[in-house]
Amino acid sequence: VPYPIHQDQDHAEYEYIVVGSGPGGAPLAANLARAGHTVLLLEAGEDHGHSDLQRVPFFADANSEHPAMSWEFYVSHSLNSTQAQLDSKFTWRTPNGSLHVGHQDLPSGSEPLGIFYPRTGTLGGCSNHNAMNMVYPPDADWEFIVDLTGDEGFRAERMRELFVRLERNEFFPEGTAGHGFEGYLAIVLNDIDLVANQTGLLELIRLTMIEAGDASSDVTNEEVLDLLQRDQNRPDPDRYQQHSVFQIPVHIDAQRRRSSAQTYIYDVLTEQEASGSGNHTLTLRTNAFATRVLFEDNTKSAQPRATGVEYLSGVAMYSADRRYNASESGTLHTVHASREVIVAGGVFNTPQLLKLSGIGPRAELERFDIPVVVDLSAVGENMQDNYEAAIAVEGSRPFESPFEDCTPFEDGDPCLADWRYNASGAYGQGAATVGMIMRSSFSSNEDADLFFFGGAGGLFRGHYPGFSREEYPPNTFGWSVVKMQTRNRAGTVRLRSKDPRDVPEIAFNHFEQGGRQDIEAMAEGFEFARSVFELPGQEYGPFEYTIPAPGETAQRSIREEVYSHHAVGTCAMGADDDANACVNSGFQVRGVEGLRVVDGSVFPRVPGAFPVLPTFMMSEKATDDILAAVAEGL
Ligand SMILES: Cc1cc2nc3c(=O)[nH]c(=O)nc-3n(C[C@H](O)[C@H](O)[C@H](O)COP(=O)(O)OP(=O)(O)OC[C@H]3O[C@@H](n4cnc5c(N)ncnc54)[C@H](O)[C@@H]3O)c2cc1C
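Please read these numbers as outputs of a predicted model, since none were measured by experiment. (Residues numbered from 1 in each chain as written. Predicted model: local features only at pLDDT ≥ 70, side-chain atom pairs only at ≥ 80, totals over all residues. Heavy atoms only, no water.)

Caption draft 1: Focus on the overall build of the protein. A count of helices and strands for the protein gives 16 helices and 23 strands. What you see for the protein is a C-alpha radius of gyration of 24 Å, in line with the 26 Å of a compact globule of 634 residues. C-alpha atoms of the protein, sized along the principal axes, occupy 80 × 60 × 55 Å. By the burial criterion, 61% of the 634 residues in the protein qualify as buried. The contacts of the protein with a sequence gap of at least 6 include a subset with a gap of at least 24, amounting to 71%. Looking at the protein as shown, the accessible area adds up to about 23,700 Å², and 48% of this sits on carbon and sulfur atoms. One finds the centroid of the 47 positive side-chain charges in the protein at a distance of 5 Å from the centroid of its 91 negative side-chain charges. (Helix = DSSP H or I, 4+ residues; strand = E, 2+ residues; numbered from the N terminus. Rg over C-alpha atoms; globule rule 2.2 N^0.38 Å. Buried < 20%, exposed > 50% of the residue type's maximum accessible area, 1.4 Å probe, protein only. Contact = heavy atoms within 4.5 Å. Areas by Shrake-Rupley, 256 points an atom, 1.4 Å probe, with all protein chains shown as cover. Lys, Arg positive; Asp, Glu negative; His and termini not counted. Charge placed at Lys NZ, Arg CZ, Asp CG, Glu CD.)

The following block contains the structure:
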């Protein structure tokens, strides 16, 4: 498909410059351009949106390890390095330069790297490699922002309107309450027939529903399949208050292709091209890695004003990119913004770019001789994440698998053909067959604080080099138990050097705050899963535990093996007078003018179990705030 990319290199001034094309930056850039403003969208990665790897939902994990798409970070999970290295996924660089995962047979002299945390350096950001789970957060997460900032625009009812605007639901009947049908982001449920055909899995789901009190003990398989298709994104404020089992909504379209921030950019560029007017309000530059936001003294106020961005053009300019070559230094460009610069580089790169530009804690900036524009201690602090941990079993016989005939990455793969020509089959589905919410006794309100996702024939136990190629025995069943409402705010992103091409030091400092409660809450989730596995008389049982290992407590397994990939909060939103806030509720960076942050960094706490939908919603909110400012002549 010819890509109508508009990459003019001639213009040096736009009204808005947006750095980063993930769920935060891309919709905002597209919306502002549609509203008639000239916008330059800078994306460090390339566009791979039309490759099968990004379009076929099943290939999501492979994207996370693909050299041309993945940004490979190694992060620290624990302040205590001995504790951190107990994780079986802890990765080392061996003396011969190869990677080694875990402590077994570790060559002496190996250097500790940490835990692999993939993000994408590609058009569309992490919405182009993630697991596509598209779950509406509890209303309490929006009301929390209202309480924090006083901004009524974050009320749950108002945020629902923004969701309706961005959603193109291609599963529920048009007119279904609380949903949108004309937005840019397609949402569906997995094909229920694939569950219906997995007898063993269906039996486990039925028992789980009964044990949860979500269905009566005589519930039939047909009723279970109907219940699974309930709408977890419905507008009822109490939708997190019932221990229930359902299919997880996913950002996939009716043709079973990934729908994402990239597809929205593509649609807007196509729209511009088709109009024939030559009026390209949106300009996209890929392979454009921003290294600094530029400021000028302001004639109208005492605060410096963001006026532009410096960026390097070139392939793989950032050292998290596996193709990085230090001797390829790219070409430095400067572009100017007559109205605003918007940073949307994601939770690791946004604080790094702000600090490199002189916005951050004074002591840290001075350590690297970076001239201080604003001493802002919140930048790179407050990082939070959902915790996830796996509980897995092996049954007495293999589960049926929809992947039985598939031959991934080989010529003549029948499953790829089924996806391509029939828009059906195993490849067009989100990875998690089933989801569940449950309230532990540690929830801080009436809502569930645990979200389970899982399926038969495989399991997800976190990221490590090679995770996308791992195969599990076909008699495996695994749940990932996700902790919502996590208590820890001790994560940090700090500079390693003043070289923008260097990755920062990323430390999650798991369980430093409220660790005992969060671990115990997750252990209650494990206990519930066990109560189902241990029900007598199951056709695919008895089940033997593989995680936690026999004899290992849930608490120990969770503490050692916990993982996460939903980080937020490194430029957190707060009240105007809150010195610990990075941006105000209008996404404006404190202490300067003409600069906003619009991405996952701004969440003051982790939204629900899955941040991608809330981040898309933030982008819509920021669109409204910016357009309102224009209307007011600001
Ligand atoms: C493996 C994985 C699976 C996930 N699965 C799910 C899921 O199923 N459901 C869910 O809700 N969430 C999921 N997430 C999280 C979710 O995708 C992210 O929270 C979301 O994409 C964050 O959006 P963002 O705009 O903040 O940043 P990102 O998506 O990270 O986008 C940032 C973009 O900015 C670009 N960029 C960064 N620095 C620069 C620079 N200096 N110059 C130019 N460009 C730059 C990057 O290349 C990237 O394209 C997953 C995340 C990962 C890593």
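Past the structure itself, the notes keep going.
Caption draft 2: Representation of the site of the ligand. Taken together, the neighbourhood of the ligand is formed by 40 residues, with E43, C126, N133, G600 and V612 sitting nearest. In the environment of the ligand, a nitrogen atom lies 3.1 Å from a nitrogen or oxygen atom belonging to the backbone of A44. G125 has a polar backbone atom sitting 3.4 Å from an oxygen atom of the ligand. In the complex, the protein chains occlude 98% of the 1,000 Å² of accessible area that the ligand would expose alone. (Near = heavy atom within 4 Å. Polar contact = N/O pair within 3.5 Å; in protein donor to acceptor, adjacent residues only side chain to side chain.)

Caption draft 3: Expanded view of the sheet that holds strand β19 (residues 476–483). An order of β9-β17-β18-β19-β16-β22 is seen for the six strands of this open sheet, with the pairing classed as antiparallel. Across the chains shown, the open sheet's two edge strands, defined by having one partner strand only, are β9 (244–246) and β22 (544–547). For this sheet, the mean angle separating the axes of adjacent strands, direction not counted, is 25 degrees. Sheet topology note: the strand β18 (residues 450–456)/β19 ladder contains seven bridges and is antiparallel. Among the inter-strand pairings, G455 is bridged to a residue of β19, identified as G478. (Pairing = 2+ DSSP bridges. Axes fitted to C-alpha atoms, helices over the stretch in contact; angles between N-to-C directions.)

Caption draft 4: Representation of the environment of V347 within the structure. Note on placement: V347 falls in helix α11 (residues 346–356). Since its relative accessible area comes to 2%, V347 is described here as buried. Measuring from C-alpha to C-alpha, the distance between V347 and A567 comes to 6.6 Å, with 220 residues separating the pair along the chain. With residues near it in sequence (within four places) discarded, V347 still touches R119, M383, V493, A567, V568, G569, T570 and S601.

Caption draft 5: Quick look at the state of the cysteines. Enumeration according to the criterion identifies two disulfides in this entry. Within the protein, bonded cysteines paired by disulfides and numbered along the sequence follow the pattern 1-2, 3-4. With no disulfide of its own, C126 lies closest to C571 among cysteine sulfurs, the gap being 17 Å. Among the residues examined, C126 registers a relative accessible area of 19% and is labelled buried. (Disulfide = S-S within 2.5 Å.)

Caption draft 6: The arrangement of helix α8 (residues 199–212) in detail. Along its 14 residues, α8 runs 20 Å from first to last C-alpha, staying within 8% of the 20 Å computed at 1.5 Å per residue. Buried residues of α8: G200, L201, L202, L204, I205, R206, L207, T208, M209 and A212, and no others. G213 lies just past α8 and shows a positive phi near 75 degrees. (Expected span 1.5 Å × (residues − 1).)

Caption draft 7: Structural detail: the packing of aromatic side chains. Applying the stated criterion to the full structure yields 36 aromatic pairs. Centre to centre, the rings of Y117 and F348 are 5.0 Å apart; their planes meet at 70 degrees, and the pair counts as edge-to-face. Of this pair, Y117 sits in strand β6 (residues 111–120) while F348 sits in helix α11, and the two are 231 residues apart along the sequence. On the basis of relative accessibility, which here comes to 2%, the residue Y117 falls in the buried class. On the basis of relative accessible area, F348 is assigned to the buried category, the value being 0%. When the ring centre of F144 is taken as reference, the NZ or CZ atom of R605 above it lies at 4.2 Å. (Phe/Tyr/Trp six-rings, centres within 6.5 Å; stacked < 30°, edge-to-face > 60°. Lys NZ or Arg CZ within 6 Å of the ring centre and 35° of its normal.)

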